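# Fold and geometry: a report
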Amino acid sequence: MSSPLAGKRIVLTRPMEQAQASALVLRREGAIPILFPTIQIAPIQDFRALDHALNHLDHYEAIIFTSVNGVQKAVERLKSLHRSPLELEGRLVAVTGQVTRQALQQVGIKEVICPDSFSAEALLDLLLAEGRVKGRRFLLLRADLAHPALPEGLK
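Heads up: these notes are all about the structure in this document. Here the structure is a predicted model, which means the values were calculated and not measured.

Scoring rules and cut-offs
Residues numbered from 1 in each chain as written. Predicted model: local features only at pLDDT ≥ 70, side-chain atom pairs only at ≥ 80, totals over all residues. Heavy atoms only, no water. Helix = DSSP H or I, 4+ residues; strand = E, 2+ residues; numbered from the N terminus. Buried < 20%, exposed > 50% of the residue type's maximum accessible area, 1.4 Å probe, protein only. Pairing = 2+ DSSP bridges. Right-handed = clockwise from strand over helix to strand, strands pointing away. Salt bridge = Lys/Arg side-chain N within 4 Å of Asp/Glu carboxyl O.

### Quick word on the overall build of the chain
Check the secondary structure of the chain and you find six helices and five strands. Overall, the chain shows an N-to-C arrangement of helices and strands of β-α-β-α-β-α-β-α-α-β-α. Viewed in the frame of its principal axes, the chain has a C-alpha envelope of about 55 × 35 × 30 Å. Of all 155 residues assigned to the chain, the portion counted as buried reaches 37%.

### Here's the deal with the pairing of strand β2 (residues 32–35)
Sheet analysis places strand β1 (residues 9–12) next to β2, joined by four bridges and oriented parallel. From the neighbouring strand, Ile10 faces β2, where its bridge partner is Pro33. Traced from β1 through helix α1 (residues 16–28) to β2, the parallel crossover comes out right-handed.

### Section: the pattern of salt bridges
Working definition: two side chains of opposite charge can pair if their charged atoms are close together. According to the stated counting rule, one finds four salt bridges in the structure shown. Notably, a salt bridge pairs Asp46 with Arg48, separated by 2.4 Å at the nearest N-O pair. Measuring nitrogen to oxygen at the nearest pair gives 2.6 Å for the salt bridge that ties Asp51 to Arg77. Placement of Asp51 in helix α2 (residues 48–55) and of Arg77 in helix α3 (residues 68–80) is noted, with a sequence separation of 26 residues between them. Judged by relative accessible area, which is 15%, Asp51 ranks as buried.

### Here we look at unusual backbone geometry
Phi at His82 takes a positive value of approximately 60°, unusual for a residue other than glycine. Positionally, His82 belongs in the loop between α3 and β4 (92–95). Overall, His82 belongs to the exposed group, its relative accessible area being 76%.

### Regarding the environment of Glu87
Structurally, Glu87 is set in the loop between α3 and β4. Sequence separation between Glu87 and Asp58 is 29 residues; the distance between their C-alpha atoms is 9.2 Å.

See the structure below:
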């Protein structure tokens, strides 16, 4: 039986290093992946603000990650500060998608809130519907060019 993707051209806009695995799966299904990165993951130039936040996790009742990249960078930075990623536990931890949830679970964070659909707006709606925003101090770890809907909604 032929795959419904056979012969279809599919554009992957993820960074090149993250698109390879998806491209492989698409090729196996007969699709023609077109790698067209629209974003680039750049290293953080100044760690002062991140280090301050990570060294003062007790000031936050909730932490939000909007990408796997954010989880990876925060975990790397925690380790460089001689801290454990398990210090994220004991507060509300939320993410915008299942892959980001899995990245946290791989480092031992089991209790993670995640909406059914992958978006910052869906996460905000879920947190508001469950009454988890009012009165909480959030640490929001996201890309500097991300859409402002999530931080504005949390305010």
